[in-house]
Amino acid sequence: DIQRGLLDHHLQSIQNALADRQPSLTAWAFPALVRVLDTNASRYSRRARGNIGRRTVTLTYGLPASGKTTKARELMAETRTWRVSMDDIRRMLGYTGYTKRRETTVQDLVVLITRKLIADGYDVVVDNTHVSPKLPDKLRQALGSDVSWQVIDCSSVPIKTCIARDSKRAGS
């Protein structure tokens, strides 16, 4: 089955990269990553591989609850784009509090996953607040001029609106 083969190939690549980067991470993070990618397995059969032309990386920008994820999902529905979310990766890894080491691991995984998807011919939207330039800088270093860059700017949403939206979220 071509679809299963593609998924297995991607999972093996990510597992190898994780093992090279941080061996202890592979044992507990990889099964969760498999579940996340398995959930999206049907996309492999729907998306064209090896599209001709330059791939696009889109970065979202704005306060929490400003609509970044909504805009990213709209982009996914309209185009052949995969969404990579730092929040989803943090949840997958079980990270609940901030530490510099954890955040570095999450950023490194975003870069790794984004680079792999771009190499396989997909566009990517990186769904994150991007208050700090660290992740965009890491992505630019990893991908450089091989991709086109876009920004979805949600910073014009009023703070009161963001607070109201955020208060309705589970776990707020």
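Going by the structure above, here's the rest.
Residues numbered from 1 in each chain as written. Predicted model: local features only at pLDDT ≥ 70, side-chain atom pairs only at ≥ 80, totals over all residues. Heavy atoms only, no water.

A. Local environment of the packing of helix H6 (residues 100–119) against helix H7 (residues 134–143). In the contact formed by H6 and H7, the axes pass within 10 Å of each other and the chain directions differ by 35 degrees. The two elements H6 and H7 meet at a crossing, and its hand is right-handed. Residues Thr104, Gln107, Asp108, Val110, Val111, Thr114, Arg115 and Ile118 of H6 form the contact with H7, whose own contacting residues are Lys134, Leu135, Lys138, Leu139, Ala142 and Leu143. For the contact of H6 with H7, a count of residues per class yields 7 nonpolar, 3 polar and 4 charged. (Axes fitted to C-alpha atoms, helices over the stretch in contact; angles between N-to-C directions. Helix = DSSP H or I, 4+ residues; strand = E, 2+ residues; numbered from the N terminus. Left-handed = near helix turned anticlockwise from the far one by under 90°. Contact = heavy atoms within 4.5 Å. Nonpolar A, V, L, I, M, F, W, Y, C, P; charged D, E, K, R; others polar.)

B. Representation of the packing of aromatic side chains in the model. The tally for this structure, following the rule as stated, stands at 1 aromatic pair. With a centroid separation of 6.0 Å and 65 degrees between ring planes, the pair formed by Trp82 and Tyr122 is classed as edge-to-face. Pair noted here: Trp82 is in strand S2 (residues 81–85) and Tyr122 is in the loop between H6 and strand S3 (123–127), with a separation of 40 residues, a long-range link. Comparing Trp82 with Tyr122, the two get one shared label, buried. (Phe/Tyr/Trp six-rings, centres within 6.5 Å; stacked < 30°, edge-to-face > 60°. Buried < 20%, exposed > 50% of the residue type's maximum accessible area, 1.4 Å probe, protein only.)

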